[in-house]
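Structure at a glance
The chain contents come next:
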Amino acid sequence: MTTINDLIKKMTLEEKAALCTGATPWTTTAIDRLGVPEMTFSDGPHGVRHVEDVNTLIATSLPATCFPTASCTASTWDVDLLREMGQALAEECIALGVDVLLGPGVNMKRTPLCGRNFEYFSEDPYLAGQLAASFIEGVQSKGVGTSLKHYAVNNQEYQRLTINAEVDERTLREIYLAAFETAVRKANPWTVMCAYNKVNGTYCSENHKLLTEILKDEWGFEGLVVSDWGAVHDRVASLKAGLDLEMPGPRPRRTQAVVESVRSGVLDEAVLDEAVRRILSIVFKAAETPKGGAFDIAAHHALARRIAAEGMVLLKNNGILPLKNPQHIAVIGRSAETPYFQGGGSSHINPTLVDSPFRELQKLAGDAELSYAEGYRADGGSDQALIEQAVEIARLADVALLYIALPESKESEGYDRADLDLTPQQVALIKAVTAVQPRTVVILNNGAPVVMGDWIDGAAAVLEAWMMGQAGGGAIADVLYGRVNPSGKLAETFPLRLADTPAYLNYPGGNGEVRYGEGLFIGYRYYDARQIPVQFPFGHGLSYTTFAYSNPKVSATTFKDVDGVSVSVDITNTGKVAGKEIVQVYVSDRKSGLVRPPKELKAFAKVSLEPGETKTVTLPLDFRAFAYYHPAYRQWITEDGEFDLLIGASSADIRCTLTVTLQSTLKLPCLLHRESTLRDWLEDPRGQSVLWSLFQQMSTQMQEAFGGEGTGMDMSGFLMDMPLLSLLEFQENMLPASPDEIVDGLLAQVYSKENG
Ligand code: BGC
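Now for a look at the structure at hand. For clarity, every value in this text was computed on a predicted model and none was experimentally measured.

Conventions we followed
Position numbers for residues count from 1 along each chain, tracking the sequence in the order it is written. For this predicted model, a pLDDT threshold of at least 70 governs which residues receive local features, and a threshold of 80 or more governs which side-chain atom pairs are given and counted, while totals over whole chains, interfaces and linings are taken from all residues. Water and hydrogen atoms were dropped before computing side-chain values, which therefore reflect all heavy atoms in the structure. A run of H or I in DSSP counts as a helix once it spans at least four residues, and a run of E counts as a strand once it spans at least two, with each numbered from the N terminus. Atoms counted for the radius of gyration: C-alpha only. Globule rule: 2.2 Å times the number of residues to the power 0.38. The classification of residues rests on relative accessible area computed with a 1.4 Å probe and restricted to protein chains. Under 20% of the type maximum is buried, over 50% is exposed, and intermediate values are partly exposed. It only takes one pair of heavy atoms within 4.5 Å for two residues to be counted as in contact. For the area figures, the Shrake-Rupley method with a 1.4 Å probe applies, and any residue is considered shielded solely by the protein chains shown. By convention a nonpolar core is built from buried Ala, Val, Leu, Ile, Met, Phe, Trp, Tyr and Cys residues, the set being connected through side-chain atoms within 4.5 Å. What counts as a domain boundary in this text is fixed by an automatic or database domain assignment. At least two DSSP bridges between two strands are needed for those strands to be called paired. Helix axes use the C-alpha atoms of the stretch in contact, all axes being lines fitted to C-alpha atoms, and the angles between their N-to-C directions lie in the range 0 to 180 degrees. Put simply, two rings from Phe, Tyr or Trp (the six-membered ring, in Trp's case) pair if the centres are within 6.5 Å, and we call them stacked under 30 degrees between planes, edge-to-face over 60, tilted for the rest. Throughout this description, the term charge over a ring refers to an Arg CZ or Lys NZ atom that lies within 6 Å of the ring centre and within 35 degrees of the ring normal. A molecule or strand has a residue near it when one of that residue's heavy atoms lies within 4 Å. Under this definition, polar contacts are N or O atom pairs within 3.5 Å; protein pairs additionally need one hydrogen-donor-capable and one acceptor-capable atom, and for neighbouring residues in sequence, both atoms have to be side-chain atoms. Gly falls in the polar group here, along with every residue not listed as nonpolar (Ala, Val, Leu, Ile, Met, Phe, Trp, Tyr, Cys, Pro) or charged (Asp, Glu, Lys, Arg). What a helix should span is 1.5 Å times the count of its residues minus one. Counting rule for disulfides: a pair of cysteine sulfur atoms within 2.5 Å.

1. Focus on the overall build of the protein
Check the secondary structure of the protein and you find 23 helices and 25 strands. Its C-alpha radius of gyration of 29 Å places the protein within 12% of the 27 Å reference for a compact globule of 756 residues. Every one of the 756 residues in the protein was classed for burial, and the buried ones make up 60%. Of all intrachain contacts in the protein linking residues separated by at least 6 positions in sequence, the fraction that spans at least 24 positions is 76%. Carbon and sulfur atoms make up 50% of the accessible area of the protein, which totals about 28000 Å².

2. Things to note about the nonpolar core
Tyr151, Leu401 and Leu480 are the most contacted members of the largest nonpolar core, which has 116 residues in total. Element by element, the count of residues in this core is highest for helix H4 (residues 79-96), at nine residues. Here this core spans two domains, and each of domain 1 (297-530) and domain 2 (547-663) adds at least three residues to it. Excluding residues within four positions of it along the chain, Leu480 makes contact with Leu321, Pro322, Leu323, Leu361, Leu401, Tyr403, Val441, Ile443, Leu463 and Tyr544. Of all hydrophobic cores here, the second largest spans 40 residues; its members include Ile8, Val36, Val276 and Ile282.

3. Quick word on the sheet that holds strand E1 (residues 41-43)
As a general point, the strands of a sheet are linked pairwise by backbone hydrogen bonds and lie either parallel or antiparallel. Pairing is parallel across the open sheet formed by five strands, whose spatial order is E1-E2-E3-E5-E8. Of all the strands in the sheet, just E1 and strand E8 (224-227) have a single pairing partner and so form its edges. Adjacent strand axes in the sheet meet at a mean angle of 30° when their direction is disregarded. Across three bridges, the pairing between E1 and strand E2 (residues 100-102) is parallel. In the sheet register, Asp43 faces E2, and the bridge partner there is Leu102. In the packing of helix H5 (residues 125-140) onto the sheet, the strands contacted are E2 and strand E3 (145-151), and the crossing angle to E3 comes to about 150°. Packing against the sheet, helix H7 (residues 178-187) makes contact with E3 and strand E5 (191-194), and its axis sits at approximately 160° to E3.

4. Regarding the packing of aromatic side chains
Applying the stated rule across the entire model yields 17 aromatic pairs. Taking 6.0 Å as the distance between ring centres and 65° as the angle between the ring planes, the aromatic pair formed by Tyr151 and Trp219 counts as edge-to-face. Of this pair, Tyr151 sits in strand E3 while Trp219 sits in the loop between helix H8 (208-218) and E8; the two residues are 68 residues apart in sequence, bridging distant segments of the chain. Assigned by exposure class, Tyr151 and Trp219 land together as buried. The structure contains a cluster of three or more aromatic residues connected by ring pairs, namely Trp77, Tyr126, Tyr524, Phe538, Tyr586 and Phe604. One cation-aromatic arrangement involves Arg624 over Trp636; the distance from NZ or CZ to the ring centre is 3.5 Å.

5. Some points on the sheet that holds strand E24 (residues 641-650)
In spatial order, the strands read E17-E25-E24-E19-E20; together these five strands make up an open sheet with mixed pairing. Here the strands that pair on one side only, and so sit at the sheet edges, are strand E17 (558-560) and strand E20 (600-609). Taking the axes of each pair of neighbouring strands and ignoring which way they run, one obtains an average angle of 30° across the sheet. Bridge analysis of strand E19 (residues 579-589) against E24 gives six bridges, and the strand direction is antiparallel. The partner of Tyr586 across the bridge, within E24, is Leu646.

6. Some thoughts on the site of the ligand
Residues in contact with the ligand amount to 14 residues; listed here are only the nearest, Asp43, Arg116, His150, Tyr196 and Asp228. Within the side chain of His150, an N or O atom sits 2.7 Å from an oxygen atom of the ligand. Glu413 is positioned such that a nitrogen or oxygen atom in its side chain is 3.0 Å from an oxygen atom of the ligand. Coverage of the ligand by the protein amounts to 93% of the 310 Å² it exposes when considered alone. Broken down by class, the residue content of the shell around the ligand amounts to five nonpolar, two polar and seven charged.

7. Focus: helix H15 (residues 424-436)
Between its first and last C-alpha atoms H15 spans 19 Å; for 13 residues at 1.5 Å apiece the expected length is 18 Å, and the two agree. Turning to H15, its buried residues number three or more, namely Gln425, Gln426, Val427, Leu429, Ile430, Val433 and Thr434. Check the buried side of H15 and you find it contacts strand E10 (328-332), helix H14 (384-396), strand E12 (399-405) and strand E13 (440-445).

8. As for the state of the cysteines
Taken as a whole and assessed by the stated rule, the structure comprises zero disulfides. No disulfide involves Cys66; its sulfur sits 11 Å from that of Cys72, the nearest cysteine. Judged by its relative accessible area of 0%, Cys66 falls in the buried class. Between Cys114, a free cysteine, and Cys204, which holds the nearest cysteine sulfur, the sulfur-to-sulfur gap is 14 Å.

9. Focus: the environment of Glu360
Considering the arrangement of structural elements, one finds Glu360 in helix H13 (residues 357-364). For the pair Glu360 and Phe284, spaced 76 residues apart in sequence, the C-alpha to C-alpha distance is 45 Å. When near neighbours in sequence (up to four residues on either side) are disregarded, Glu360 contacts Arg305, Asp355, Gly473, Gly474 and Ala477. At 3.2 Å, the side chain of Glu360 forms a polar contact with the side chain of Arg305.

10. Focus: the environment of Ala88
Tracing the backbone through its elements, the reader meets Ala88 in helix H4. Looking at Ala88, the relative accessible area reads 4%, which means it is buried. Linking Ala88 and Lys753, residues 665 residues apart in sequence, is a C-alpha distance of 59 Å. If we ignore the near neighbours within four places in the chain, the residues touching Ala88 are Phe67, His300 and Leu303.

Function cannot be inferred from these measures alone, as they are strictly geometric.
In structure tokens form, the structure reads like this:
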């Protein structure tokens, strides 16, 4: 059998270079003489956007199921459902002849303004990572590849092709890389797509640290790295950095540059061979799955409806929902007729079918009388007459259902939103309708948070229906009528105002650069730390039933970091209808060496319960649930001490708290150096042991030397944060040797202990 290595030996330099750049916008280069087939990519992520003529970059794609977008699927918090959706997507890829689906997208929702947030899962890296891993497992279980994107720190569309994201190492690791890391380690995506932007001064496509050191060497990624479409600037530099495949193609000049650089010795052929090896292994893997046939349009449409209903979030409900067979229903809003169910850009799907929210409602409404008013125009402009018509029908009805969708062009790849507002017409419409009809339900279609302060008090209920996919119209009806008990919860915070959001002062950046000044504190990490009230917190979502949490337990109250612990809690459905609860576990470190967010999501589970039923939910917490990334040690570390485990129904609704004590098993290297402060020395056990006797002598002398009287200061506090060297310099005449010699001597002792 010919191995990949044998094949590489047979390939000419030109063939190798050609393989590393696409042949067309969507396919890799085939090498017929050696039996290397082409491989076809298609977007992604929530449907298959396959253009029949692969030589065209932008064209109407073949019909495929448009599933709900990631904001909605994330709100299901249902890893099994994400897996199922992945399987269905793979079936469509197979039928349409697609080898690799370009998704999922796990960029963090740093700002709710990012135009592409609808394609991303969450503001929380743990949740995003788990969901992405399941999605990938689902697709790949059928022999179709995925492309985890956009690696990394692609969190805004504003200047996305060029912007330089300045992020500190710890924030990068804990927030912006963590979901990628989980998905890579857990699910082995066939490909990872590198982002357009720069990170800390270097384009992602030329970023050796991101592509090679972290992704391949540290996380063990075995697939190929593909560029985002057009993200390569210097093909040779990108190969050296670890970018295996450039897309789209053809790019003959790039291929030529690679050939010439190998010939001139600028590029080591071994680097090219490694890219070729990775590409060939995925190309052959893809070829093992025969393509063709058909997919089950009706079954996938039904699945899309189920996912949409699971992902919708009932934000507010005064009891009006589920509807109790009202006889006169005013249906207001053009999105009841013309559903808004996906966003703009490369993820835009040509759907197989589209459900009308109005007609689906009608099917469940029995003999109720439905009246309709458009309410607002497609272009977002103001129109008082439309408001008056709506008010008229609302006044006469038993209940008004107000379908509000953001104008279609507002949320898209390629640009960000300018604000978090509904249109002025929509706000005026909601206010006018709720003024005459208190029994009004607002149904929202949008891919990211909108602010509601102006109108929410008037609404009896608010259903966040997201970009709900092609079958979402039916899912809305299912939820309104209680055929589905809503169980979605927010995977992102809904703020009260744009000015409250974490990146507000550091977005969109300027001068080609955006500084991630808020650091670790994005999403609920920020609102918690700043104690800023929000409209709806992360993890929030209502049900038509209620759940009680009881009997919280932990497997051990004291445990070693490497063993982890597991938490269990009994959940009881205390209401009258069956329902699903999403149980969330947040970990809170009581005391840490470096600042940490007040709490972080580290486990969750979705549990389905009949009325009166109780189930015990068990959630494991591993080393990483307690660790943080320490930039000086350049690794994830744990520290001895107490942690609170907060078990809740949302980030703001904690039902039980358990406290555990962690014992770290890490032997961390000593970090003391010539500038270390007295505090650094005393807090390090090795430092303390070599310094102790000198410190005792010194402290008496220091008290005398610095007196402290009349200065109004706490001498010990003052001294603790002085470098040991400076401190000694103040007492130089009393010392047996020079301060430099003493500190160097102490350091030598510390490091000889460390190494011995
Ligand atoms: C997008 C990717 C997409 C690719 C191919 C790019 O502009 O950023 O997400 O997969 O185009 O359409």
